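Observations on chain architecture
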Amino acid sequence: MRIVCPFCGERELGEFTYLGDAKPARPAAGATENEVFDYVYLRDNVAGPMSEFWYHGGGCRAWLKIARNTLTHEISSVEPAAGVGARQVGA
Amino acid sequence: MVGPAQTHRLESGGLIDRAAPLGFRFDGKSLAGFQGDTLASALIANGIKLVGRSFKYHRPRGILTAGSEEPNALVELRTGARREPNTKATTAELYDGLEAASQNRWPSLRHDLMAVNQLFAPIFVAGFYYKTFMWPAKFWEAVYEPAIRRAAGLGRAAGVADPDHYDKAWAHCDVLIAGSGPAGLAAALAAGRSGARVILCEEDFAFGGRLLADGGTIDGVPAAEWITRALGELATLPDVRIMNRTILFGVYDGGTYGAIERVNDHLPSPPEHQVRQRLWRIVARRCVVAAGAIERPIVFAGNDTPGVMMASAMRTYVARYAATPAKRIALFTNNEDGWRTVETALAAGLQIAAVIDARPDVSAAHRALAAKGGFAVLNGSVSGVEGGKDGVRKIAVALTGGARAEVEADGLAVSGGWNPAVGLTSYHRGRPKWRDDIAAFVPDSAPPGMVAVGAANGAFGLGSCLRQGFAAGAAAARDAGRSGNAGAPPVADDEDFSLTPLWHVAGKGKAFVDYQHDVTASDIELAQREGFESVEHLKRYTTLGMATDQGKTSNVAGLAIMAVVSGKSIPETGTTIYRPPYVPVAIGAFAGHHRDENFHATRLTPSHHWAAEQGAIFVDTGLWRRAQWYPRAGEKDWLESVTREVKAVRGGVGFCDVSTLGKIDVHGPDAGAFLDRVYINTFSNLAVGKARYGLMLREDGIVYDDGTTSRLAENHYFLTTTTAKAGPVMQHLEFCRQVLFAELDVQLTSVTDQWAQFSIAGPKTRDLLREIVDPAEDLSNEGFPFMGAREVALRGGIKARLFRISFSGEMAFEISVPARYGDALVRNLMLAGKPFGVTPYGTEALGVMRIEKGHVAGPELNGTTTAADLGLGKMMSTKKDFIGRVMARREMLVAPDRQVVVGIKPVDKTRRLRSGAHIIPKDKTPGPDNDQGYVTSVCFSPMLDQWIGLGLVERGRERIGEIVHAHDPLRGEDYDVELCSPVFYDPDGGRQRG
């Protein structure tokens, strides 16, 4: 698989590490145990387009949000994982 | 060496080099061939028909094909450590001195006692393992499996380490082309002329594909001449790379392809400093698959008799290799193309016994050819073959209309039509579609960027191959943004490939579908009767297509027969899923250079070379190679050395390289706030110039990592991780910074490799440091108190970081210098420390001292323990949010009966404590119900003069002083131990503060 890192360009899969679903957002401080439990443990088993976190550890060390189809492995977009963080990474 | 005369070699012709004779041995017999031969063609030239025994029934088998689809002619190639089993004689290039042996026979190929298996054929039907070896269950391992493994199977592995080297390489191109037949060469010409970067891979050592055997006329010149011209032109194009002996075996995501190049398999052994094979990973924008087609057999009784051969293979041996598989040939065909073998054989002066054509009508031209060649054309099918290990003798024919006939022949060419090689196009779960006009599956969809052309696309005619290949090559170049002029396509006529499908001829005797796994037509019928009708079930129940050839000659016939017996059409029956690799690939090629000491990278500490000079014993921890202990002359074992090292530290001064700890610089106005969120304790209130121990949880509340973090400046912290978690913690912190807490203004830099860090410990630490550190620096207890951390100047001016932290429990500092000074520092420490008896210590002594002090490490931070389990629950801040805070409060994680860290020592002081021993209450029987924990870390404590350890024990901290039972079923040991405080030595910590 090839991933086009927004900072490094097209690179090979081996440079990246997969984390998982990018959808769940970490609950703010003061969240209930149930909310945090959902965040930590509950995941959709997506067959189709999915937003995922990947880490470019073999390159720029940026966390990326990648839209990938889990059925075809087709990657439709790659972007820095978070807006503010992205600015910092790119700066 | 050059052997005897080649009895079955034509006087002239072929693409062999008669000026380069080669000697070789098959089953010990000396034989001769020529440069340009394969092992198969050389065996044929020597009149050898019997080359192997079949997998299950040990039936005599000959050569069926002339390519990598070969199911029968598998040999053990080479000898000794280079012996490779299951090598296809049809693709093994002949070299002088080649040694090959037949497989799966005993005591010899001609007299194989295991052929008795044929008598038991009724029990060896589909699913016979499942049905026959059911009971008694314990017989499976002891009796059945060894017996089956002996009797069935293929070649023997060498059994010793592979002496050869394998390489791995990357390549990038615009257009990748699989195959150098007419379609592949035309594609390369078009793409190359357009200015594209082209890589063309050809499995064979010669370029041209079927043109090499079948010839033809292209652009008005003979095919051979056209090939030479095309290769000549391609050689002039700057970005075209042509690779022979290289086959594409797999397609991966994003236009990545796997190819294996057999760099030196055509030589007895690779030349010095060269590799045997090279695994290519090729990234291509477009891929043109011109992999050709595979001629398919017709299933009839006795179709595995040596001498029965695919018609295209027969003419390949005659035309390309000038080797004659038979002197008097019969042809069984259902199509027009099969007749080409007759033409080739007649041209070579061979005799045609008869043509058995299953189609209702045969053209006038063929009838004229028969009249001229003096042979009969029989309208019907082959219903049986008489013959054996010496080959075909007689062929029984069932004539259309019911009459029977016999044909005497010593070779039978069979053509059932052609199957496009749909492997590469189907590896992404693409299902090929059925085409009635050619009675074959062709690619329907293909992985992104890939297109099949020519025979691989069901276009068998030469003109069509050239046209499709050229158009695809030009289009691929355009798609890749290359706009040069592709020029004119090569032109040729299309031949007639029309056929009437025929898969199976009913008859008496075994009719093989899958030669390599001995699957017969009746096995498929049986599978259908027993309900294994789905092709995936059929495959697994009968093992059809599961041998090393992956059913290249058998799959379509097998499902065609299934279609007939289940009353469905072939497209309804469908195909199994195609998976790479297309041909077997040596595991060594996937490993490449990553074997033995190069299996993974080795990271050396800054003091490594010095330690090696001292004769240190090293231990691999992860990728790091660390000094484990430093033996001295006269010490009888590791324990004596380690005990000396510990005593030297506790009584004087010692040092240890701790550069392997993960080190991360944390910068920014929000650095403190950031650390507060990733550690359970607080760092924002840490004073500049101080260090603090920190504990990190996972989001699920379990301990992740620990280490000390120092505040070197207002906005600059220096964080250390454990050696094992250096990488993962960096990744985790980057996730926190970039994703979870992106609003914080903080930056992280991994500096693990930038700093050489040494722990200097023992009561004389200051004395030693004063020799190293600039005298202006105040190292007194007041000037540099416990948990102090700051930059200092060394004598000579080098800046170092000094941390007053202690893992050993002694008065200690950790000093770090830029990594390039690590070696100099360690040598200076030895020099300056001589008057104080400075002693280097390794990871063992480090471990002993941390256990004596009850510090937790990897065995306790094991992914199941909470902060409270480790006795560090009080560190958890209640005033802030941090990773893992909420989940750490879950009921089971705060239950009072959790297993917690406690000290353990044997009641009998002379006894050795072993880690892994289970803790059982004194009055209970050992077993899972009474298991209360286990010993995690042990050492011999020089200070207590006995074995001690740490363990995770239920309610351990409440049970200090209790005598329990250590149960060690692995080592067969049972003994009493006392639960005690984990801090064995200097419990009030006075030494480290002094």
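In the block above lies the structure referred to throughout.
Sequence order as written defines residue numbering, which begins from 1 separately in each chain. A letter from A marks each chain and a number from 1 marks each ligand, given out in the order of writing. Local features in this predicted model are restricted to residues of pLDDT 70 or higher, and side-chain atom pairs are both shown and tallied only at a pLDDT of 80 or more, whereas totals for entire chains, interfaces and linings draw on every residue. Only heavy atoms go into the side-chain values, all of them from the structure, while hydrogens and water stay out.

**Remarks on the overall build of chain B**
The helix and strand inventory of chain B stands at 24 helices and 49 strands. Viewed in the frame of its principal axes, chain B has a C-alpha envelope of about 115 × 70 × 55 Å. Here a residue-residue contact requires only that any non-hydrogen atoms of the pair lie within 4.5 Å. Expressed as a percentage of contacts within chain B between residues at least 6 apart in sequence, the contacts between residues at least 24 apart total 66%. Each accessible area value is a Shrake-Rupley result obtained with a 1.4 Å probe; residue values ignore everything except the protein chains displayed when judging cover. Summed over its atoms, the accessible surface of chain B is roughly 39000 Å², and 53% of this surface lies on carbon and sulfur atoms. Strands here are runs of E lasting at least two residues and helices are runs of H or I lasting at least four, both read from the DSSP assignment and numbered beginning at the N terminus.

**Examining empty space enclosed by the protein**
Residues and elements named next belong to chain B. Points on a 1 Å grid, built from protein atoms alone, make a cavity when a 1.4 Å probe fits but cannot get out and make a pocket when they are open with protein on both sides within 12 Å along at least 5 of 7 lines; residues with an atom within 4 Å of a point are the lining residues. Grid points are joined across faces, edges and corners, and a volume is the space filled by probe spheres set on the points. The final tally for this structure, using the stated rule, is 8 cavities of 30 Å³ or more. Considering only enclosed or pocket space, the second largest cavity measures out at about 360 Å³ in volume. Along the walls of the second largest cavity sit 21 residues, with Q550, G551, K552, N555 and Y578 positioned nearest its centre. Sorting the residues of the lining of the second largest cavity by element identifies β24 (418-420) and α14 (555-566) as the ones contributing at least two each. Ten residues, namely Ala, Val, Leu, Ile, Met, Phe, Trp, Tyr, Cys and Pro, are considered nonpolar, four, namely Asp, Glu, Lys and Arg, are considered charged, and the remaining ones, Gly among them, are considered polar. Class assignment for the residues of the lining of the second largest cavity results in 11 nonpolar, 7 polar and 3 charged.

**Examining the interface of chain A and chain B**
Counting from both sides, the interface comprises 30 residues of chain A and, opposite them, 32 residues of chain B. Summing both partners gives a buried area of about 2500 Å² for chain A against chain B, and 56% of it is carried by carbon and sulfur. Salt bridges are counted wherever a side-chain nitrogen of Lys or Arg sits within 4 Å of a carboxyl oxygen of Asp or Glu. Viewed at the interface, chain B and chain A are joined by 2 salt bridges. Among the salt bridges present, the one from E699 of chain B reaches R26 of chain A, with a minimum N-O distance of 2.5 Å. The quantity reported as buried area is the accessible area (1.4 Å probe) lost by two parts once they are put together, taken as the sum for both.

**With respect to the sheet that holds strand β22 (residues 404-408) of chain B**
Residues and elements named next belong to chain B. What makes two strands pair is DSSP finding at least two bridges between them. In spatial order, the strands read β17-β23-β18-β19-β20-β21-β22; together these 7 strands make up an open sheet with mixed pairing. Here the strands that pair on one side only, and so sit at the sheet edges, are β17 (308-310) and β22. Averaged over all neighbouring strand pairs, the angle between strand axes comes to 35°, with direction disregarded. By the bridge criterion, 3 bridges tie β17 to strand β23 (residues 411-415) in an arrangement that is parallel. Fitting a line to C-alpha atoms yields each axis, with helices limited to the stretch in contact; the angle taken between N-to-C directions then spans 0 to 180 degrees.

**Observations concerning the packing of aromatic side chains**
Residue and element names in this part refer to chain B. Under the pairing criterion, centres of Phe, Tyr and Trp rings, with the six-membered ring standing for Trp, must be within 6.5 Å; the plane angle then separates stacked pairs below 30 degrees from edge-to-face pairs above 60, leaving the rest tilted. On inspection of all chains with the given rule, the structure shows 22 aromatic pairs over all chains. Pairing F718 with F803 gives two aromatic rings, centres 5.4 Å apart and planes at 20°, and the pair type is stacked. Placement of the pair is F718 in strand β37 (residues 716-721) and F803 in strand β41 (residues 799-803), with a sequence separation of 85 residues. For every residue, the accessible area (1.4 Å probe, protein chains only) is compared with the maximum for its type, and the residue is labelled buried under 20%, exposed over 50%, or partly exposed between those bounds. Overall, the relative accessible area of 1% leaves F718 in the buried class. On the accessibility criterion, F803 (1% relative accessible area) is buried. Ring geometry for F784 and F813: centres 5.2 Å apart, planes at 80°, overall edge-to-face.

**Points about the side chain of Q628 of chain B**
When you line up the elements, Q628 of chain B lands in strand β32 (residues 624-629). With near-sequence residues (within four places) excluded, Q628 of chain B lies in contact with I617, F618, V619, G842, T843 and E844 of chain B.

**Comments concerning the nonpolar core**
All names here are of chain B. Counting 56 residues, the largest nonpolar core has F24, F26, L39, L43 and I63 as its most contacted members. At 6 residues, helix α1 (residues 39-45) tops the list of elements feeding residues into this core. Apart from the residues lying within four places of it in its own chain, the contact partners of L39 are F24, V75, L77, A89, A92, L94, L98 and A100. Here, nonpolar core means buried Ala, Val, Leu, Ile, Met, Phe, Trp, Tyr and Cys residues that are tied together by side-chain atoms lying within 4.5 Å of each other. Core analysis: the next-biggest nonpolar cluster, separate from the first, contains 40 residues, A196, V221, A223 and A486 among them.

**Re the environment of L802 of chain B**
Along the polypeptide, L802 of chain B turns up in strand β41. For the pair L802 of chain B and V817 of chain B, spaced 15 residues apart in sequence, the C-alpha to C-alpha distance is 9.0 Å.

**Observations regarding the sheet that holds strand β31 (residues 617-621) of chain B**
Residue and element names in this part refer to chain B. The sheet built from 3 strands is open, its strands ordered β30-β32-β31 with mixed pairing. Each edge of the open sheet carries a strand with a single partner, namely β30 (603-604) and β31. Sitting on the sheet, helix α23 (residues 843-852) touches β31 and β32, and the angle it makes with β32 is about 70°.

**So, the environment of G961 of chain B**
All names here are of chain B. Tracing the sequence through the fold places G961 in the loop between β47 (946-954) and β48 (963-968). Sequence spacing of G961 and D676 is 285 residues, and the spatial spacing of their C-alpha atoms is 37 Å. Dropping the residues within four chain positions of it, G961 is found in contact with E978 and L979.

**Description of the pairing of strand β4 (residues 49-55) of chain A**
All names here are of chain A. Taking burial as the measure, the 7 residues of β4 include 5 buried ones, the bulk of the element. Bridging between strand β3 (residues 17-21) and β4 involves 4 bridges; their strand directions are antiparallel. Along β4, the bridge assignment pairs Y18 with W54. Bridging between β4 and strand β5 (residues 63-69) involves 7 bridges; their strand directions are antiparallel. Across the sheet, residue W54 finds its bridge partner in β5, namely L64.

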